Amino acid sequence: MLAFVLALALTGCGHPSGNLWEGGTIPPTSATSGTDLGLGSGVRPLSFGPGDKSSPRISPSGDRVAFILDGYVVEKPLYGQNLQLETSTGFGAEKAEWLSDDSLAALKPENEIAADGTSVVSAPGTLFGTMRDGTPDTSMLLEEVMAVGALPGGEAVATAVSAEPTTGNPDEQPRSRLVLVRGPEQPLQVYLRNIKGTVTGLSISPDGREVALAVQREPGNAGEGRFEVHSYRFSEGHPRRVTRLPKGMGILGAPQWTYWGIHFVAGEQDDPTSSDASAPHSLFRIPEGSDTPELVRGVGEEFITASTSVSPDGERLAIVGRRNPGSPTNLYVLDLASDTLKAATTNQKMEIKTNPRDLTWSPDGQSVVLISRGALSGTEVYDAPASGLSSAFYNLYEVPVTNLPAGE
Amino acid sequence: MRDVILWTLGGLLAFLATAGAFLLLASFGDDAMGSDPIPRAKPSSTTSDREPPPVPLVLTLSEDQLESLQRKPGQRLALNIENGSDEELPSVELTLDVVSENTARPNKRSYQQTLGPLAPGETTEAEFEIDLSLPMPDGMKEKASPGSEGQTREVLEIQAITPEGDSAVKTAVLAP
């Protein structure tokens, strides 16, 4: 007996390198993080193969990633390639967020044909919950959802829903309401105080106590279709208008609550009813206690901002944008305390998705995940099967964002 | 009592000696294998002492020909297969899959051919007649998935494999 105990103490309880095999899959040959795949060294592909990917979200535990693949929801180990289908393939999801029980909330927009008959606009959608039984079945959680954001740790998903009109007056201003969704079998938490206008984007503060909202007022009513930034503290249960933008200015994506004030991307809009990303947009900050937005100078005078996402500690902002109109799109990280901008990618030949939903932080704040593919230049031939290719198609890339070099 | 203590100490010493010998052997193993569970591939070198081993199968596609393909049935695609080995290949199985980039509607079309035998160094041509028509009726473009940007592309994956299991693969992503 003594010998057995001593043997365990001396040799350990298993093979010295046994854990290296556990739970992992051997990635395709281009999965190494040391090689430059077109975004700079250290950038690592997390997915491979054909399919249009969007809305990446890392699980609160940090070991899995979910994303939208051609309109359906999949998830997989962060570095493994064993995809698990979470919805049916024809689902039509636009965004997915993790919930605390490791299920996912998927937003499916209801597309409407615009008045010109050709374009498709997004109307309020429906939020579905996925099952944890390995099937692509879903259950309906909430209807009339206009915007979604996840609380830290997957505690809940905050949604802005279209509130029922209170009068029969057709000129009544649209109103929105906040609802917290915790899971398929959990009760909804409804915040009864309405928000005047239509919520076009929302994000949660890193401490999970407050929501930053982009709200558009209805044209022809008070506010004349102008965009506003609101904050909504859960404990207070009512919205507070932080600022109203000048007429013709639109907010792109969701304002980001940081410990250095609310930050948002805005620019001139030709069509006030749509958030068009093609026009140059700039990054603005509303300092705490102020109602006046100011340009964030730290990014540079000519910087064109496409999307932003606040870090889990609320101290940094991931920004996809361009230094000036002639420079390539890259991922940058803005340190909010020092107002210094550092490049996290060195893109020369990749096309980085600029939709605000296509940017996310890892829960530990060590990396940012974005979606990218090689710039299209006609027909391309590769010496590998399609399922092992990364830059040929839109795929997820993990970009380390700590210890970034100063300057470009 | 003294005998018991002596026997215990003796047993303990014998055990420690055996365990130490095993640990020494294990450390020799670590030196040989390194810490990687998967043996690393040797980096290619331009000044190696030995000639690199011949590639058994070489698959060649003409990019000009790929560029000229149209989204219609009856498109002809020729490709070259070379036996790069020192031995005759009795046969080569060719598989060509045409799929859409959209994984929700892959619309896979598969084509197969068997070639051979191929003498060492011999190159032969294979021609496929493939259907590259879009699955939608004329005049209707395939609707992109929500959130997708742009039109989906067609992907051609060609694999050649010998009875011995040697293979070559090419993937062509056609311009939209």
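Model, not experiment: these values are computed from the prediction.

The next subject is the overall build of chain B. Summing up its helical and strand segments, chain B has two helices and seven strands in all. Secondary structure elements of chain B, listed N to C terminal, follow the sequence α-β-α-β-β-β-β-β-β. When burial is assessed residue by residue, chain B has 30% of its 176 residues classed as buried. For chain B, the proportion of contacts with a sequence separation of at least 24, taken over those separated by at least 6, is 65%.

Residues and elements named next belong to chain A. Inspection of the entire model under this criterion finds 22 salt bridges over all chains. Across the salt bridge formed by D313 and R316, the nearest N and O atoms sit 3.8 Å from each other. Judged by relative accessible area, which is 37%, D313 ranks as partly exposed. For R316, a relative accessible area of 15% gives the class buried. Sharing partners across several salt bridges, the network here consists of R64, E75, E86 and R132.

Moving on, we come to a negative patch on the surface. Residues and elements named next belong to chain A. On the surface, a cluster of negative charge is made up of D63, D101, D102 and E185. By secondary structure assignment, the location of D63 is in the loop between β2 (53-58) and β3 (64-69). For D63, a relative accessible area of 45% puts it in the partly exposed group.

The next point concerns the environment of A:T329. Residues and elements named next belong to chain A. Within the fold, T329 resides in the loop between β22 (316-322) and β23 (330-335). Along the sequence, T329 and R241 sit 88 residues apart, while their C-alpha atoms lie 33 Å from each other. The contact partners of T329, leaving out residues within four places of it in the chain, are V320, G321, R322, N347, I352 and T354.

With that settled, the discussion passes to the pairing of strand β11 (residues 175-181) of chain A. All names here are of chain A. Of all the seven residues making up β11, five are buried; the element is thus mostly covered by neighbouring parts of the structure. Pairing between strand β10 (residues 157-162) and β11: six bridges, direction antiparallel. In the strand pairing of β11, V157 is matched with V181. In the sheet, β11 pairs with strand β12 (residues 189-196) via five bridges, with the strands oriented antiparallel.

Before going further, it helps to spend a moment on the confidence of the model for chain B. Residue and element names in this part refer to chain B. Overall, the predicted model of chain B reaches an average pLDDT of 78, with 74% of residues at or above 70. Ignoring residues within four places in sequence, the model shows residues 29-48, a span with pLDDT below 50, making five contacts including any to other chains. Within the model, the stretch residues 137-148 combines pLDDT values under 50 with 18 contacts to residues more than four positions away or in other chains. For this predicted complex, the interface score ipTM comes out at 0.78, while the overall pTM is 0.81.

Our focus in this paragraph is the confidence of the model for chain A. Residue and element names in this part refer to chain A. Taken as a whole, chain A shows an average pLDDT of 85; of its residues, 83% reach a score of 70 or greater. For the stretch residues 1-33, pLDDT sits under 50, and the model shows 33 contacts to residues farther than four places along the chain or on other chains. This model gives residues 117-121 a pLDDT under 50, and the stretch forms eleven contacts once residues within four places in sequence are excluded.

The next point concerns the side chain of B:S100. Structurally, B:S100 is set in strand β3 (residues 92-100). Among the polar contacts listed, one links the side chain of B:S100 to the backbone nitrogen of B:N102, at a separation of 3.0 Å.

All names here are of chain A. Here four strands make up an open sheet; going across it, the order is β2-β3-β4-β5 and the pairing antiparallel. At either end of the open sheet lies a strand with only one pairing partner, and these are β2 and β5 (84-85). Pairing of β2 with β3 involves four bridges; the strand directions are antiparallel. Paired with K53 across the two strands is L69, which belongs to β3.

Criteria and cut-off values
Residues numbered from 1 in each chain as written. Chains lettered and ligands numbered in written order. Predicted model: local features only at pLDDT ≥ 70, side-chain atom pairs only at ≥ 80, totals over all residues. Heavy atoms only, no water. Helix = DSSP H or I, 4+ residues; strand = E, 2+ residues; numbered from the N terminus. Buried < 20%, exposed > 50% of the residue type's maximum accessible area, 1.4 Å probe, protein only. Contact = heavy atoms within 4.5 Å. Salt bridge = Lys/Arg side-chain N within 4 Å of Asp/Glu carboxyl O. Patch = residues over 30% accessible without salt bridge, like charges linked within 9 Å, V, L, I, M, F, W, Y side chains within 5 Å. Areas by Shrake-Rupley, 256 points an atom, 1.4 Å probe, with all protein chains shown as cover. Lys, Arg positive; Asp, Glu negative; His and termini not counted. Charge placed at Lys NZ, Arg CZ, Asp CG, Glu CD. Pairing = 2+ DSSP bridges. pLDDT = per-residue confidence, 0-100. Polar contact = N/O pair within 3.5 Å; in protein donor to acceptor, adjacent residues only side chain to side chain.

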